[in-house]
Amino acid sequence: YSSVKTDNLSLYFILGVITFIVTTWLLTYTFFFSIFCNKIDLCLNFLPWLMAGIFLAESIAGLLFYYRKGKFTTLFISRSIAKNLDSHARKIKNRSDSFILGFFSGILELIFTLPLYIISTIELMKFNFSIRPILIVLYIIISIAPLFIIRALFRHDYNLAKIERIRVHIKPFVRVAICVGFL
């Protein structure tokens, strides 16, 4: 592909990721809102302990398993799934294909992101209703910022090899940041 077409398709990939995040977050919010009816203070006593345990497990998993061992940025997903994603990425011909790949790529991250959706939903219920949309938009922006950073690098004449070297260089930081963030 030309760099113009790749740039265009990457935007639709990111739009697919955003759509997945918004959809998943809204489903999570609707589920927990319907259970607690906006009165999170009535929540069961075990919920904070359950979430603390989940986040502890996520921090350890993020540190040890988010990236596979090696000098590349290979993620925790199985090799067969990674090959399938790579195969689909190579076959992308139009914007809708790129959007769908972005949307479904979020499913693989749910093991790490679903607890974040749950805790943000529970905490969001403690805020005034009028401030909630602002916090939701902020959460989405933070979630997709890395994708826009990679896109910006590509648009500023960084080729994929340079971007991969940057990703490899910051891999230890990302691993620690995931661990500390979940803690």
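Residues numbered from 1 in each chain as written. Predicted model: local features only at pLDDT ≥ 70, side-chain atom pairs only at ≥ 80, totals over all residues. Heavy atoms only, no water.

**Brief notes about the nonpolar core**
Ranked by size, the top nonpolar core spans 22 residues in total, and within it I21, W25 and F32 carry the most contacts. For this core, the secondary-structure elements that each account for two or more residues are α1 (3-36), α2 (46-65), α4 (95-124), α5 (132-155) and α6 (160-182). With six residues, α1 is the largest single contributor of residues to this core. (Core = buried A, V, L, I, M, F, W, Y, C linked by side-chain atoms within 4.5 Å. Buried < 20%, exposed > 50% of the residue type's maximum accessible area, 1.4 Å probe, protein only. Helix = DSSP H or I, 4+ residues; strand = E, 2+ residues; numbered from the N terminus.)

**Description of the layout of surface pockets**
Empty space among the atoms becomes visible once a probe the size of a water molecule is rolled across them. The volume enclosed by the second largest pocket comes to roughly 180 Å³. Surrounding the second largest pocket, I81, N84, L85, H88, K91, I92, D97, I100, L101 and F104 form its lining. Looking at the lining of the second largest pocket, the elements with two or more residues in it are α3 (79-90) and α4. Residue composition of the lining of the second largest pocket, by class: six nonpolar, two polar and two charged. (1 Å grid on protein atoms, 1.4 Å probe; cavity = no way out; pocket = protein on both sides within 12 Å on 5 of 7 lines; lining within 4 Å. Points joined across faces, edges and corners; volume = space filled by probe spheres on them. Nonpolar A, V, L, I, M, F, W, Y, C, P; charged D, E, K, R; others polar.)

**Let's talk about the confidence of the model for the chain**
Of the residues in the chain, 89% reach a pLDDT of 70 or more, and the chain-wide mean stands at 82. Element-level mean pLDDT values for the chain span from 79 in α3 up to 87 in α4. (pLDDT = per-residue confidence, 0-100.)

**Considerations on the packing of α4 against α5**
Taken N-terminus to C-terminus, the directions of α4 and α5 make an angle of 160°; their axes are 11 Å apart at the nearest point. When the axis of α4 is compared with that of α5, the two are roughly antiparallel. Considering how the two elements wind past one another, α4 and α5 form a crossing that is right-handed. On α5, the residues touching L116, Y117 and L124 of α4 are R132, L135, I136 and Y139. (Axes fitted to C-alpha atoms, helices over the stretch in contact; angles between N-to-C directions. Parallel < 35°, antiparallel > 145°, perpendicular 65-115°, else oblique. Left-handed = near helix turned anticlockwise from the far one by under 90°. Contact = heavy atoms within 4.5 Å.)

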